[in-house]
Amino acid sequence: MAAYQKKLEGFSGNIRVRMAPSPTGALHIGTARTTLFNWLFARSKGGTFILRIEDTDKERSRPEYEKNILDGLHWLGLDWDEGPDIGGEYGPYRQSERTQLYKEHIEKLLQDKKAYFCFCPKETLEAQKQDAESRGEVWRYPGTCRDLSESEIKQNQKDKKHSVIRIKMPNKKLSFKDIIKGESSFDLSLFGDIVIAKSTEEPLYNFAVVVDDHEMQISHIIRGEDHYSNTPKQMVIYEALGWQPPEFAHLPLILGQDKSKLSKRHGTTTSIDDYKNQGYLPEALINFIVLLGWHASGDREIFTINDLQQEFSLERVQKTGAVFNAEKLDWLNNNFLKQKPIQEIVEFLLPFFMREGINLGKFESTYVQKAILASMEKTKGVNEIIKMSEIFFRETEYEKELLIWKESTEEITKDKLEKSLDALRLFDEITFNKESYEQKLKEIYGEDKGSVLWPLRVALSGRKVSPGPLEIIEVKGVNSSTMCIEKAIAKLEK
Ligand code: GLU
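Just so it is clear, the structure is predicted and the values come from calculations on it, not from any experiment.

Within the protein chain one finds 20 helices and 12 strands. Relative to its length of 494 residues, the protein chain is extended, with a C-alpha radius of gyration of 32 Å against a globular reference of 23 Å. With the C-alpha coordinates aligned to their principal axes, the bounding extent of the protein chain is approximately 105 × 50 × 40 Å. For the protein chain, with 494 residues in total, the buried portion stands at 49%. By sequence separation, contacts in the protein chain at least 24 residues apart represent 74% of the contacts at least 6 residues apart. Accessible surface for the protein chain amounts to roughly 24,500 Å². Of this, 48% is attributable to carbon and sulfur atoms. Across the protein chain, the centroid of the 71 positively charged side chains sits 4 Å from that of the 78 negatively charged ones.

Written as structure tokens, this is what we have:
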């Protein structure tokens with residue numbers, strides 16, 4: 001059995017995990033993935049899932065981003081047991097409302113001489129940094145203010161010298177076992193004494209996160225690999241405060257197709273809002289996101305959120321980066337969309353048609369349903385469905401040249417269309433059926449299928465790409481299709 005399972009078995013406390021987004025932007029796919037993994041871990045283990053808003057960065061945090069994140073997570077079908085909107089025993093759940101708590105702990109560290117005020121001017125530190133870089137070395141704070149006397153500190157404060165608070169970094173190696181990445185070892189001396197707060201009332205991320213995770217009794221921290229190198233720094237803070245750190249699990253980075261970290265450069269949409277606006281279903285996104293770094297034991301790839309609560313385990317999270325494959329998302333979306341009853345599909349697509357200026361309300365509902373079903377056959381994304389089905393809802397203009405198949409001529413095309421039309425006239429709205437009509441068409445086209453089916457497709461759709469001509473007739477009906485073919489013949493007569 002994997003070490004992780006053993007560890008969990010040995011874990012005696014309650015499972016409490018958290019997602020701690022910073023409201024500095026709209027809900028990002030990476031944030032959604034970390035939330036989902038935490039949520040699944042909690043739900044599959046009967047644990048508690050907490051949402052905490054990390055808004056210590058006052059300049060960049062915005063209430064509208066917080067709202068966007070909460071709304072987006074709800075839209076995906078994720079909920080939480082404690083959070084800023086619903087409260088809970090360990091609140092408040094916004095860091096901006098917890099200043100007093102951080103202050104007490106920072107003061108304690110200062111008192112215990114585990115942290116200290118640093119008055120070094122920014123310019124001095126900047127010059128040191130540049131100097132180190134010019135020698136190809138990595139700069140770290142040299143500890144200039146580590147041992148200032150009480151009176152020196154008081155004097156500097158009286159002189160209103162700008163200061164920050166640094167923690168004393170022990171000069172040792174630190175090791176821990178990450179549930180996903182395994183044995184991890186860091187040389188703490190390489191970090192130097194890091195800044196943990198701008199003042200006793202302005203903690204920085206690494207400090208506030210430790211206080212909150214401890215106070216909220218978080219048992220497992222599951223987060224992105226971009227925070228991996230913060231973990232040893234946070235462990236030093238746990239140690240300084242005399243606290244036991246939780247377990248850590250760092251999820252692999254999300255990579256673009258070229259295997260570099262997913263970024264704007266890849267042209268990939270990363271905002272959940274954008275996916276929603278492009279017609280992706282929450283079910284499809286959940287399925288897609290969970291596969292970014294996790295896989296089930298067999299080959300199975302399609303999961304509902306309920307299936308995942310049974311199947312998910314951190315044990316199956318991979319160490320290496322997870323490659324983002326947009327085609328897979330389209331495939332999943334189509335899959336989930338097709339499983340829905342047609343009325344639901346139509347309802348879902350209504351606003352997307354509206355956006356294209358098509359009001360489905362003007363058409364009879366069975367017609368709309370048939371049109372959409374026919375258009376969904378070969379399409380992937382919602383946009384393709386709309387494009388494909390447009391032919392059923394508005395006139396499409398085309399040039400007569402489009403009617404002509406390969407080496408064929410206007411005369412041959414006209415002749416084939418007239419024959420196809422004669423064959424169609426043998427049917428009416430009730431008696432038409434695809435198979436019998438196809439039989440008649442075969443007699444017309446013989447060896448050269450395209451010479452008939454191509455002009456018929458263009459006559460009925462005005463497009464190169466469309467549902468099959470016979471499927472179009474099934475939807476449009478014989479009368480309307482007859483008119484389309486007549487129109488095409490007339491074009492060729494001109
Ligand atoms: N507020 C951090 C972020 O948004 C969360 C880090 C953590 O999970 O510890 O990246």
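With that settled, the discussion passes to the UniProt feature "short sequence motif: 'HIGH' region" (unreviewed entry) in the protein chain. The sites that carry the UniProt feature "short sequence motif: 'HIGH' region" (unreviewed entry) are, in the present numbering, residues 21-31. Structurally, residues 21-31 comprises 27% helix and 0% strand, and the distance from its first C-alpha atom to its last is 7 Å.

The subject of this paragraph is the packing of aromatic side chains. In this structure the tally under the stated criterion is 19 aromatic pairs. With a centroid separation of 5.4 Å and an interplanar angle of 65°, the aromatic rings of phenylalanine 186 and tyrosine 228 are classed as edge-to-face. Pair noted here: phenylalanine 186 is in strand E6 (residues 182-187) and tyrosine 228 is in the loop between strand E9 (220-224) and helix H8 (230-241), with a separation of 42 residues, a long-range link. Residue classification places phenylalanine 186 among the buried positions, given a relative accessible area of 14%. Summarising the aromatic geometry, the rings of tyrosine 275 and tyrosine 280 are spaced 5.5 Å apart at their centres and angled 70° between planes, so their arrangement reads as edge-to-face. Of the aromatic side chains, those joined through ring pairs into one cluster are Phe37, Trp294, Phe303 and Phe312.

What follows is about the site of the ligand. Around the ligand, the neighbouring residues are Arg18, Ala20, Pro21, Ser22, Glu54, Tyr205, Val209, Arg223 and His227. In this structure, a nitrogen atom belonging to the ligand sits 2.8 Å away from a main-chain N or O atom of alanine 20. Within the side chain of glutamate 54, one N or O atom sits 2.5 Å away from a nitrogen atom of the ligand. Of the residues contributing to the shell around the ligand, the split by class is four nonpolar, two polar and three charged.

Moving on, we come to the UniProt feature "domain: Glutamyl/glutaminyl-tRNA synthetase class Ib catalytic" (unreviewed entry) in the protein chain. Per the UniProt record, the feature "domain: Glutamyl/glutaminyl-tRNA synthetase class Ib catalytic" (unreviewed entry) sits at residues 15-331. For residues 15-331, helix accounts for 37% and strand for 15%, while the C-alpha atoms at its two ends are 35 Å apart.

What follows covers the pattern of salt bridges. Throughout the structure, instances matching the rule amount to 35 salt bridges. The shortest N-O distance in the salt bridge between lysine 103 and glutamate 107 comes to 3.9 Å. With lysine 103 and glutamate 107 both in helix H4 (residues 99-111) and four residues apart, the pair spans about one turn of that helix. We classify glutamate 107 as partly exposed; its relative accessible area is 35%. In this structure, lysine 181 engages glutamate 225 in a salt bridge whose closest nitrogen and oxygen atoms are separated by 3.2 Å. On the criterion of sequence distance, the pair formed by lysine 181 in the loop between strand E5 (173-178) and E6 and glutamate 225 in the loop between E9 and H8 is long-range, its members being 44 residues apart. Taken together, the shared-partner salt bridges connect Arg18, Arg52, Glu54, Arg98, Asp212 and Asp213 into one network.

Turning to the sheet that holds strand E3 (residues 115-118), a few remarks are in order. Read across the sheet, four strands follow the order E3-E4-E7-E8 without closing on themselves; strand pairing throughout is antiparallel. Here the strands that pair on one side only, and so sit at the sheet edges, are E3 and strand E8 (202-203). Two strands pair when backbone bridges link them, and E3 and strand E4 (residues 164-167) are joined in this way by four bridges, in the antiparallel orientation. Pairing of phenylalanine 117 across the sheet is with isoleucine 165, part of E4. Here H4 sits on the sheet and contacts E3, E4, strand E7 (195-199) and E8; the angle it forms with E3, its principal contact strand, is near 95°.

Put simply, helix H13 (residues 342-355) and helix H14 (residues 365-376) touch, their axes get as near as 10 Å, and they point 85° apart. One element, H13, and the other, H14, form an angle in the roughly perpendicular class. Of the residues in H14, those touching H13 at Ile342, Gln343, Ile345, Val346, Leu349 and Phe353 are Val368, Gln369, Ile372, Leu373 and Met376. Considering only residue class, the contact of H13 with H14 consists of nine nonpolar, two polar and no charged.

So, about the nonpolar core. Residues Trp294, Ile372 and Tyr437 are the most contacted members of the largest nonpolar core, which totals 101 residues. For this core, the leading source of residues is helix H2 (residues 29-44), giving eight residues. Not counting residues within four places of it along the chain, the set of residues in contact with isoleucine 372 comprises Ile342, Ile345, Val346, Leu349, Phe353 and Leu360. Of all hydrophobic cores here, the second largest spans 38 residues; its members include Phe119, Ile196, Met235 and Trp243.

Regular strands place side chains that alternate from one sheet face to the opposite one. Sheet topology places E5 next to E6; six bridges connect them, and they run antiparallel. Along E6, the bridge assignment pairs phenylalanine 176 with serine 184. Hairpin connection of E5 to E6: three residues between the antiparallel strands.

Here is what the cut-offs are and how they apply
- Residues numbered from 1 in each chain as written.
- Predicted model: local features only at pLDDT ≥ 70, side-chain atom pairs only at ≥ 80, totals over all residues.
- Heavy atoms only, no water.
- Helix = DSSP H or I, 4+ residues; strand = E, 2+ residues; numbered from the N terminus.
- Rg over C-alpha atoms; globule rule 2.2 N^0.38 Å.
- Buried < 20%, exposed > 50% of the residue type's maximum accessible area, 1.4 Å probe, protein only.
- Contact = heavy atoms within 4.5 Å.
- Areas by Shrake-Rupley, 256 points an atom, 1.4 Å probe, with all protein chains shown as cover.
- Lys, Arg positive; Asp, Glu negative; His and termini not counted.
- Charge placed at Lys NZ, Arg CZ, Asp CG, Glu CD.
- UniProt positions renumbered as here; feature names shortened; annotations may be inferred.
- Phe/Tyr/Trp six-rings, centres within 6.5 Å; stacked < 30°, edge-to-face > 60°.
- Near = heavy atom within 4 Å.
- Polar contact = N/O pair within 3.5 Å; in protein donor to acceptor, adjacent residues only side chain to side chain.
- Nonpolar A, V, L, I, M, F, W, Y, C, P; charged D, E, K, R; others polar.
- Salt bridge = Lys/Arg side-chain N within 4 Å of Asp/Glu carboxyl O.
- Pairing = 2+ DSSP bridges.
- Axes fitted to C-alpha atoms, helices over the stretch in contact; angles between N-to-C directions.
- Parallel < 35°, antiparallel > 145°, perpendicular 65-115°, else oblique.
- Core = buried A, V, L, I, M, F, W, Y, C linked by side-chain atoms within 4.5 Å.

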